[in-house]
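# Structural description and commentary
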Amino acid sequence: MKSTQEVTNNTSKKAGNVPEEIDGHNLQEAYESGRITEEELEMIKSGLDPIPRPLGPIIPFPFFYTSSGLYEWSFKYPTFPLPQPLPPFPPLPEPGPLQPGGFSEEGEPMAEAAVPIYPFFQREELRLDIDGRYPLMKVSGTIYTGISLRIHWIANLTKVGANTYSGDIFYKDGNTTWLPHTNVRVQVTKSFFAAQRKVTITFIGRGTANRTRTYLWKSAYYHPVDFEYDVVEGTSAVTQINTGDHPNRPASLSIENLSIETVFRRAGFQVTTSPQGGVPITGAGANATWSDMEMHDAMQIYWSHFANMPQWKMWVLFASLHDTGSNLGGIMFDSIGLNHRQGTALFNDSFIKNAPAGDANPDAWVKRMKFWTACHEMGHAFNLAHSWQKSLGTPWIPLANETEARSFMNYPYFVTGGETAFFADFEFRFSDNELIFMRHAPERFVQMGNADWFDHHGFEQANVLQSSPFQLEVRLQRRTLEYFEFMEPVVAELKLTNRSNQPLIVDEKILEATDEMTVIIQKRGGTAKQWHPFAQYCYHSDKKVLTPGESVYASLNIASGIHGWNIAEPGMYTVQVAMHRDDEDIVSNQLQVRIAPPRSYEEEFVAQDFFSEDVGRVLAFQGTHYLDKANDTLREVADQFANRRVAHHALLALGNPLTRDYKLLNVKGDPNAIAQEPDKMFKTLKAKPDEARQELNKALLDDPGEAADTLGHIEYRQVVEQYSAFLADKGDSDEAASTMQKAEKTLAKRGVLESVLNDMESQRKQYATKKSGKK
């Protein structure tokens, strides 16, 4: 007879009744959160006990768990039996003596004040990451002390004994003098009962007294987050796929029904979902595509959890197409009021709906691509950069780019071997570096509505190749003024030239992908600031051959962004751009920009309203029907300063929305009536062609030379082409052709490339042909 100390084979004993839940989670949630493995899940469903146990009575299942998760400690003020009065509030402890604090460059011991931490104003959180799904062998914590002071720390861990770990603290944020220690020792106490699980950490090192804390179990997840999916009428939401539907997949990939919620639960988040809503567009006109103006207006109104404050909540909209066309698969909105990264939009009828020719299962390919796009854009809302952009942004810890990562944050067509190679090794997860950021970075860096997009990713010295085949130039297209008038928005242009003797392949929209650029603006005598645009775009990577000496161009409206107005006050500014491409950073020249002082008290007075975030956003997106106060300010500018260059920008933003039927959520309608008749959810503001002509003619054609000067050649051409297309669509082909001809002559006098003029001439002739009925 065997000893009771001998261990049975866990596949040979039945566990009794199959449990319905573990730690308050059903079996599927326990598996998705990483509490149990897929093998353990199948064993449990079969009635087998997956835990090896001593021989003897079988303890009813469940008896297993993971230790990773969120723990917390808080000061418990002592209680005293009544009616005995409470003792007086204890005095604050005096600071301790100076303690050794490391060594100077000369090797001499340094002293550091041991600043006390007052426990009765304190609570602490701990995030242990040693087992479960994708364990990173990390532990991090946040100490909240007083009203506003906090310290955040992260340490590596190595197992040194039974349930015992140790490691070095490699990251601190906040008032780090309050936690001078350099190492931690972690003792994990496991228990079937959640209330008895705990982690004891001893902080040691740097010549200071050890500090010990015991943290109690709170959750298997590191943070909560809520997703709300809304779907535009006629569009479907892909929030779940079967990982086995497409044959191109890793051999080790588990075949399962995988949801977006599961992806983020496995990343460490306790995901909940708000009720999915429809977004009807009946009566919104023939145009079913979304402009930036409509997206920003709708997202601020329609999301049921919208608030001007940081919160662990995100809005996800499934739509058909963006105005820019099928090359835009998704967008992450960076600015909603003062809070950023709260919402994303996916465009199902973009390039992501087109499976490669000859694909073995095109329907599964498309569904998987839509699912990937949704997780990718939502990853941006967690402040994750693309895999090849880890070295850009503001530092939190130095990160290397992961150009070959099989992560949601990489583009499948960017890796060696393209999409086929990517999905052959893709396990529907984020990389370890990304998980470190999501799970352990200070909360403000990750939480929606908190730190700005692309803030705290890691910044390293620009990797500039001495013999780069590219030349990047940032420039102005000014002919009549060497300075910008007060309140005149600064529009610069980028030019990227192939200066080698060989053809080079580049992305067609390489200069429009602003998330791959770092734009620095510095006022003379001030600090340098990084320009962040109001929106980030994920374009399909169409390629273009750039022959020797050939250039590509883009317009850059750098006057304002999500941080407000970067160039507003009178004075001299320096602008420089660095663009990341593959393994090099292409750095531009330094552009000098001068802003003239105001001419009158009236200008100074109006400027108080003009230099606002809403006006900057309306100018960047060329109009809105929602931000009424910004429109009122622009109307005042256009009327009061009609002879100033800022009027061209104001009139363009006022006239552009009038050229099309505009979808606007009916927030002022009766909610009960809207609920009964969803068609009333949106109201359509019909186009006003006559008013649009009046505004846009003054903006673009009354003084075309000045308009081209202040808008720049690229933007001037784009808005004229849009205006001409509007005129032709309204049946005024003669006026469309005349508009194109006037713009063509204006740009010809300014030395624009012959190829550009030829394209404009071709469009003009098409309008003329349409009018005459010729074929």
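Residues numbered from 1 in each chain as written. Predicted model: local features only at pLDDT ≥ 70, side-chain atom pairs only at ≥ 80, totals over all residues. Heavy atoms only, no water.

### Some words on the overall build of the protein
Counting its secondary structure elements, the protein contains 18 helices and 35 strands. For the protein, with 775 residues in total, the buried portion stands at 54%. Sequence-distant contacts, at least 24 apart, represent 68% of the contacts inside the protein between residues at least 6 apart. When the accessible surface of the protein is summed, it comes to about 34,400 Å², and 50% of that surface belongs to carbon and sulfur atoms. (Helix = DSSP H or I, 4+ residues; strand = E, 2+ residues; numbered from the N terminus. Buried < 20%, exposed > 50% of the residue type's maximum accessible area, 1.4 Å probe, protein only. Contact = heavy atoms within 4.5 Å. Areas by Shrake-Rupley, 256 points an atom, 1.4 Å probe, with all protein chains shown as cover.)

### Digging into a negative patch on the surface
Residues Asp-609, Asp-628, Asp-632 and Glu-636 make up a contiguous surface patch of negative charge. Here the element with the most residues in the negative patch is helix 11 (residues 628-640); it accounts for three residues. Mapped onto the fold, Asp-632 is located in helix 11. (Patch = residues over 30% accessible without salt bridge, like charges linked within 9 Å, V, L, I, M, F, W, Y side chains within 5 Å. Salt bridge = Lys/Arg side-chain N within 4 Å of Asp/Glu carboxyl O. Lys, Arg positive; Asp, Glu negative; His and termini not counted. Charge placed at Lys NZ, Arg CZ, Asp CG, Glu CD.)

### A few points about helix 10 (residues 613-621)
Counting buried positions along helix 10 gives seven out of nine residues, so the element sits mostly inside the fold. All of the buried residues in helix 10 are Glu-613, Val-615, Gly-616, Arg-617, Val-618, Leu-619 and Phe-621. Gln-622 sits one or two positions beyond helix 10 and adopts a positive phi of about 60 degrees.

### Section: the pairing of strand 7 (residues 138-145)
Burial runs high along strand 7: eight of the eight residues are buried. Burial of the side chains of strand 7 extends over both faces: Lys-138, Ser-140, Thr-142 and Tyr-144 are buried on one face and Val-139, Gly-141, Ile-143 and Thr-145 on the other.

### Here we look at the packing of helix 12 (residues 646-655) against helix 14 (residues 689-700)
For the pair helix 12 and helix 14, interaxial distance at closest approach is 8 Å and the crossing angle is 155 degrees. The angle between helix 12 and helix 14 places the two elements in the roughly antiparallel class. Handedness of the helix 12/helix 14 crossing: left-handed. Two secondary-structure elements touch here, helix 12 through His-648, Leu-651, Leu-652 and Gly-655 and helix 14 through Ala-692, Glu-695, Leu-696, Lys-698 and Ala-699. (Axes fitted to C-alpha atoms, helices over the stretch in contact; angles between N-to-C directions. Parallel < 35°, antiparallel > 145°, perpendicular 65-115°, else oblique. Left-handed = near helix turned anticlockwise from the far one by under 90°.)

### Focus: helix 15 (residues 704-711)
For helix 15, the tally of buried residues reaches six of eight residues, placing the bulk of the element in the interior. Here the buried face of helix 15 lies against strand 22 (491-498), helix 12, helix 14, helix 16 (713-729) and helix 17 (733-749). Within two residues after helix 15, Gly-712 carries a phi angle of roughly 85 degrees, on the positive side.

### Brief notes about the packing of helix 10 against helix 11
Their axes nearest at 9 Å, the elements helix 10 and helix 11 cross at an angle of 75 degrees. Our classification of the angle between helix 10 and helix 11 gives roughly perpendicular. Along the contact surface, helix 10 presents Asp-614, Val-615, Val-618 and Leu-619, while helix 11 presents Ala-630, Asn-631, Thr-633 and Leu-634.

### Topic: the side chain of Arg-645
Mapped onto the fold, Arg-645 is located in the loop between helix 11 and helix 12. Residues in contact with Arg-645, not counting those within four places in the same chain, are Arg-478, Thr-480, Leu-481, Glu-485, Glu-488, Glu-706, Asp-709 and Thr-710.

### Details of the pattern of salt bridges
With the rule as written, the count across this model stands at 32 salt bridges. The salt bridge involving Arg-406 is made with Glu-404; its shortest N-O contact spans 3.3 Å. A salt bridge links Arg-693 to Asp-690; the shortest N-O distance between them is 3.3 Å. Here Arg-693 pairs with Asp-690, and both are found in helix 14, just three residues apart, close to one helical turn. A single salt-bridge network, built from bridges that share partners, covers Glu-485, Arg-599, Glu-603 and Arg-644.

### Structural notes on the side chain of Asp-507
Relative to the elements of secondary structure, Asp-507 occurs in strand 23 (residues 504-507). Engagement of the side chain of Asp-507 in a polar contact is seen with the side chain of Lys-543, the distance being 2.5 Å. (Polar contact = N/O pair within 3.5 Å; in protein donor to acceptor, adjacent residues only side chain to side chain.)

### Quick notes on the environment of Asp-703
Turning to its location among the elements, Asp-703 is positioned in the loop between helix 14 and helix 15. We classify Asp-703 as partly exposed; its relative accessible area is 36%. C-alpha separation for the pair Asp-703 and Thr-746, spaced 43 residues apart in sequence, amounts to 9.7 Å.

### Examining the environment of Gly-616
By the secondary structure assignment, Gly-616 is in helix 10. A relative accessible area of 2% places Gly-616 in the buried class. Residues within four places of Gly-616 in sequence aside, it is in contact with Phe-534, Ser-560 and Trp-565.

### Re the packing of aromatic side chains
This structure, assessed with the given rule, holds 24 aromatic pairs. Ring geometry for Phe-269 against Phe-382: centres 4.8 Å apart, planes inclined by 55 degrees, an arrangement best described as tilted. On the criterion of sequence distance, the pair formed by Phe-269 in strand 17 (residues 269-279) and Phe-382 in the loop between helix 5 (362-381) and helix 6 (418-424) is long-range, its members being 113 residues apart. In terms of burial, Phe-269 and Phe-382 fall into one category: buried. Plain terms: the ring middles of Phe-408 and Phe-426 are 5.0 Å apart, the flat faces sit at 90 degrees to each other, and that makes the pair edge-to-face. (Phe/Tyr/Trp six-rings, centres within 6.5 Å; stacked < 30°, edge-to-face > 60°.)

### A few points about the nonpolar core
The biggest cluster of nonpolar side chains holds 54 residues, and the ones touching the most others in it are Phe-227, Phe-264, Phe-371, Phe-382 and Phe-430. The element best represented in this core is helix 5, accounting for nine residues. Sequence-distant contacts of Phe-430, that is, excluding residues within four places in its chain, are made with Val-263, Phe-264, Ala-267, Cys-375, Gly-379, Leu-384, Ser-407, Phe-408, Met-409, Leu-435 and Met-438. In this structure, Ala-568, Leu-658, Leu-711 and Leu-727 belong to the second largest nonpolar core, which totals 49 residues. (Core = buried A, V, L, I, M, F, W, Y, C linked by side-chain atoms within 4.5 Å.)

### Observations concerning the confidence of the model for the protein
Considering every residue of the protein, the mean pLDDT works out to 77; 71% of them sit at 70 or more. When the criterion is pLDDT under 50, residues 49-63 qualifies, and its contacts beyond four places in sequence or with other chains add up to 43 contacts. Under a pLDDT of 50 for its full length, residues 453-464 has, in the predicted model, 60 contacts with residues more than four places off or in other chains. (pLDDT = per-residue confidence, 0-100.)

### Concerning the sheet that holds strand 28 (residues 551-557)
Spatially, the three strands line up as an open sheet ordered 21-22-28, and their pairing is antiparallel. The strands lining the two open edges of the sheet, one partner per strand, are strand 21 (470-475) and strand 28. Ignoring which end each strand starts from, the neighbouring axes of this sheet average 20 degrees apart. Sitting on the sheet, helix 16 is in contact with strand 22 and strand 28, with an inclination near 85 degrees to strand 28. (Pairing = 2+ DSSP bridges.)

### Some points on unusual backbone geometry
With phi around 55 degrees, Met-137 is a residue other than glycine that occupies positive phi space. When you line up the elements, Met-137 lands in the loop between strand 6 (122-129) and strand 7. At Phe-428, a residue that is not glycine, the phi angle is positive and equals roughly 55 degrees. Relative to the helices and strands, Phe-428 resides in the loop between helix 6 and helix 7 (432-440).

### Things to note about the environment of Leu-136
Following the sequence through the fold, Leu-136 ends up in the loop between strand 6 and strand 7. Looking at Leu-136, the relative accessible area reads 9%, which means it is buried. C-alpha of Leu-136 to C-alpha of Leu-435: the two residues are 299 residues apart in sequence and 8.2 Å apart in space. Setting aside residues no more than four positions away along its own chain, Leu-136 makes contact with Asp-129, Asp-432, Leu-435, Ile-436, Arg-439 and His-440.

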